[in-house]
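Coordinates in review
So the chains spell out like this:
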Amino acid sequence: LVHELTPGQVKAYDECAEGGQRVRRTVRRALRVAHGAKSGRAKAAAYSAFWAANQRFWNQVLTSFACTGLLSFVEKQLEKGRSAVLQIVSTGEAATERAVAQARAEGADLSDIDITPRDILLQYVESSFPTTQHEEYTDENDNVRSRPVKLPSGDFAENPEAAQMREELLLRLGAIRVPQGALDMVIGHFGPDNVAEVTGRSRRFVEKSVQKTDASENSNEAPARKSETEVIEERRPPSAREADIEAFMAGEKRILIFSQAGGTGKSYHAALTAKNQEKRVHVVVQPGWAAHRCLQGLGRTHRAAQRSAPEVVLLTTNLKAQRRFLSTVARRLDQLGALTKGQRETASKGLISSEYNLETPLAKEALIAWFAAVARGKIERGGRQITPALIQEKMGLTITDADGNFSMGQVPSIPQFLNRLLSVETSLMNEIFESWHSYLDRAIEAARQEGRLDLGVETIQALSVEKIRDEI
């Protein structure tokens, strides 16, 4: 199920990309003003935390965008008399807890709580932004190094300019429009009374209609009652999850959404013993990083003694860089099938085909050739030149040395390249991906003609088979 991003979503994605690039540029400036750029430890810690947060952020944003198409898809399935089972990985519980704690500390209303993927970037800026003041010193080998400055109290000194950058960054990030997380979006759209939630989160905040009495100015008139929408906090003990499963299997709720916590030892299939025997449409909203857990989740709706087998749907968007999140699972599914059955397509069952596996030796060869062409100024897409400086600015990747020469040792791995591609505006992202993929297509065709293309163990089907002779 490929969701085509709407013009509004493309604009929102580009705003998020600009926000992420602004964070990275500000981190670089903060390290420079606080003299932390010469400290390998401080630099590595700041960038490592940033790229980890960046990857989680984009995974959540893309899932949220795709859920726009998911909602209408689920509505159509319900109209066809089917039940929907949605598989996710992240519930956003940690973000929820932080948002609630902050709202209560500030005395804000529950309806003002902002639980969106943006919290991932805000959390990084609040906790990992480099503001510690460093000083240069000369070690015993006369090398100039950098170390953090400590106050007499034993605390680390904070650079005021870097601290000001952090506060300005928090304000700018707060203005970025980011959609809700997938779990809250589904429950908010269909209502908590229609969705069975089987996740590990201990509480959630849902909108419910409450009746309120409107006191009339005329004491002789009966007070009028009106309906208002309020955000209510609901506790989610284990018994609530079990009750939701029972409600789904009984047909009282026709949508079930589960995470890893609900993907073990539970059954959501069209069991012959259950009242709800509607065909299940199992949507993999987030495949996650572990292939075996993705497959384990699929086993929740496909079990023995069922009325019908489920239809499995993989949710994605038309953004090229989303291949990043499918590539790792596709590679591990290939490995899983090769190890257990001797056939690579066995494990994926056609759900995530090998074409999504970009983490191959040929892909790496193509990436090296593509970066070499970029360094020589040979890549032009969509009327714009893709240069090493553009790659450095948009993706934070340096592919040339101090003299401007291409350095093969600087070429990133495929996962790192695709991670960085997520931070680029949509038009440039697609241009870069298609340009590199054209090199990959040529590399695959060349390997096929040379007879060195590894396809694994294949099943060859023939229209007829004639035995010519026996040889012992």
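Here is a short report on the structure shown in this document. Computed from a predicted model, the values in this text were never measured in an experiment.

In terms of nonpolar packing, the biggest core is built from 66 residues, with Trp370, Phe417 and Trp436 touching the most fellow members. For this core, the secondary-structure elements that each account for two or more residues are helix 1 (7-33), helix 2 (40-79), helix 4 (118-128), helix 5 (160-174), helix 11 (361-375), helix 12 (388-395), helix 13 (414-421) and helix 14 (426-450). A total of 10 residues in this core trace back to one element, the largest contributor, which is helix 2. If you look at the next biggest cluster of nonpolar residues, it comprises 25 residues, including Leu78, Ala84, Phe190 and Val206.

The subject of this paragraph is the environment of valine 231. Note on placement: valine 231 falls in strand 7 (residues 224-235). Separated by 25 residues in sequence, valine 231 and valine 206 place their C-alpha atoms 5.4 Å apart.

In a regular helix each residue adds 1.5 Å, so 12 residues correspond to 16 Å; helix 7 (residues 238-249) covers 17 Å between its end C-alpha atoms and thus fits that length. Three or more residues of helix 7 are buried, namely Ala240, Asp244, Ile245, Ala247, Phe248 and Met249. As for helix 7, its buried residues are in contact with strand 2 (83-87), strand 5 (195-198), strand 8 (255-258) and strand 9 (280-284).

This next bit is on the pattern of salt bridges. Counting across every chain of the model gives 17 salt bridges. Taken together, the shared-partner salt bridges in this structure form one network comprising Glu18, Arg22 and Arg25.

The buried fraction of strand 9 amounts to five of the five residues, a majority that puts the element mostly inside the structure. Residue alternation in strand 9 divides its side chains into two sets, Arg280, His282 and Val284 and Val281 and Val283, and both sets are buried. Direction of pairing for strand 2 relative to strand 9: parallel, over a ladder of five bridges. Residue pairing in the sheet places leucine 86 in a bridge with valine 283 of strand 9. As defined by bridge partners, strand 9 adjoins strand 10 (residues 311-314) across four bridges and the pair is classed as parallel. Among the inter-strand pairings, valine 284 is bridged to a residue of strand 10, identified as leucine 314.

With the rule as written, the count across this model stands at one cavity of 30 Å³ or more. There is about 100 Å³ of room inside the largest cavity. For the lining of the largest cavity, the secondary-structure elements that each account for two or more residues are helix 2 and helix 9 (323-340). Among the residues forming the lining of the largest cavity, the class breakdown is six nonpolar, six polar and no charged.

Evaluation of the coordinates by the stated rule reveals 10 aromatic pairs. Ring geometry for tryptophan 370 versus phenylalanine 371: centroids 5.1 Å apart, planes at 70°, classification edge-to-face. Each member of the pair, tryptophan 370 together with phenylalanine 371, is buried. For the ring pair phenylalanine 433 and tryptophan 436, a centre distance of 5.7 Å and an interplane angle of 75° mean the geometry is edge-to-face. Linking phenylalanine 433 with tryptophan 436, this pair stays in helix 14, spanning three residues, or about one helical turn. In this pair, the class of phenylalanine 433 matches that of tryptophan 436, namely buried. Feature note: the residues Trp370, Phe371, Phe417, Phe433 and Trp436 constitute an aromatic cluster, connected by ring pairs. Sitting above the plane of the tyrosine 137 ring, arginine 147 keeps its charged end 4.3 Å from the centroid.

Before going further, it helps to examine the packing of helix 1 against helix 2. Where helix 1 contacts helix 2, the axes come no closer than 11 Å and their chain directions differ by 175°. Classified by the interaxial angle, the pair formed by helix 1 and helix 2 is roughly antiparallel. Note on element contacts: helix 2 touches helix 1 through Ala42, Lys43, Ala46, Tyr47, Phe50, Trp51, Phe57, Trp58, Val61, Leu62, Phe65 and Thr68, opposite Gln9, Ala12, Tyr13, Cys16, Ala17, Gly20, Val23, Arg24, Val27, Arg28 and Leu31. Residues of the contact of helix 1 with helix 2, tallied by class, amount to 17 nonpolar, three polar and three charged.

When the terminal C-alpha atoms of helix 2 are compared, their 58 Å separation across 40 residues agrees well with the 58 Å that a helix rising 1.5 Å per residue should span. A bend of about 35° at threonine 68 is the largest found in helix 2.

This part is about the pairing of strand 4 (residues 144-148). The sheet contact formed by strand 3 (residues 134-138) and strand 4 spans five bridges and is antiparallel. Each bridged residue has a counterpart across the sheet, and for tyrosine 137 the counterpart in strand 4 is arginine 145. The antiparallel pairing of strand 3 with strand 4 creates a hairpin that spans five residues between the two strands, and aspartate 142 there sits at a positive phi of about 60°.

Here threonine 63 lies in helix 2. Sequence-wise, threonine 63 and isoleucine 88 are 25 residues apart; in three dimensions their C-alpha atoms are separated by 9.5 Å. Sequence-distant contacts of threonine 63, that is, excluding residues within four places in its chain, are made with Ala182, Val285 and Gln286.

The rules behind each value
Residues numbered from 1 in each chain as written. Predicted model: local features only at pLDDT ≥ 70, side-chain atom pairs only at ≥ 80, totals over all residues. Heavy atoms only, no water. Core = buried A, V, L, I, M, F, W, Y, C linked by side-chain atoms within 4.5 Å. Buried < 20%, exposed > 50% of the residue type's maximum accessible area, 1.4 Å probe, protein only. Helix = DSSP H or I, 4+ residues; strand = E, 2+ residues; numbered from the N terminus. Expected span 1.5 Å × (residues − 1). Contact = heavy atoms within 4.5 Å. Salt bridge = Lys/Arg side-chain N within 4 Å of Asp/Glu carboxyl O. Pairing = 2+ DSSP bridges. 1 Å grid on protein atoms, 1.4 Å probe; cavity = no way out; pocket = protein on both sides within 12 Å on 5 of 7 lines; lining within 4 Å. Points joined across faces, edges and corners; volume = space filled by probe spheres on them. Nonpolar A, V, L, I, M, F, W, Y, C, P; charged D, E, K, R; others polar. Phe/Tyr/Trp six-rings, centres within 6.5 Å; stacked < 30°, edge-to-face > 60°. Lys NZ or Arg CZ within 6 Å of the ring centre and 35° of its normal. Axes fitted to C-alpha atoms, helices over the stretch in contact; angles between N-to-C directions. Parallel < 35°, antiparallel > 145°, perpendicular 65-115°, else oblique. Bend = angle between axes of the 7 residues up to and from the residue.

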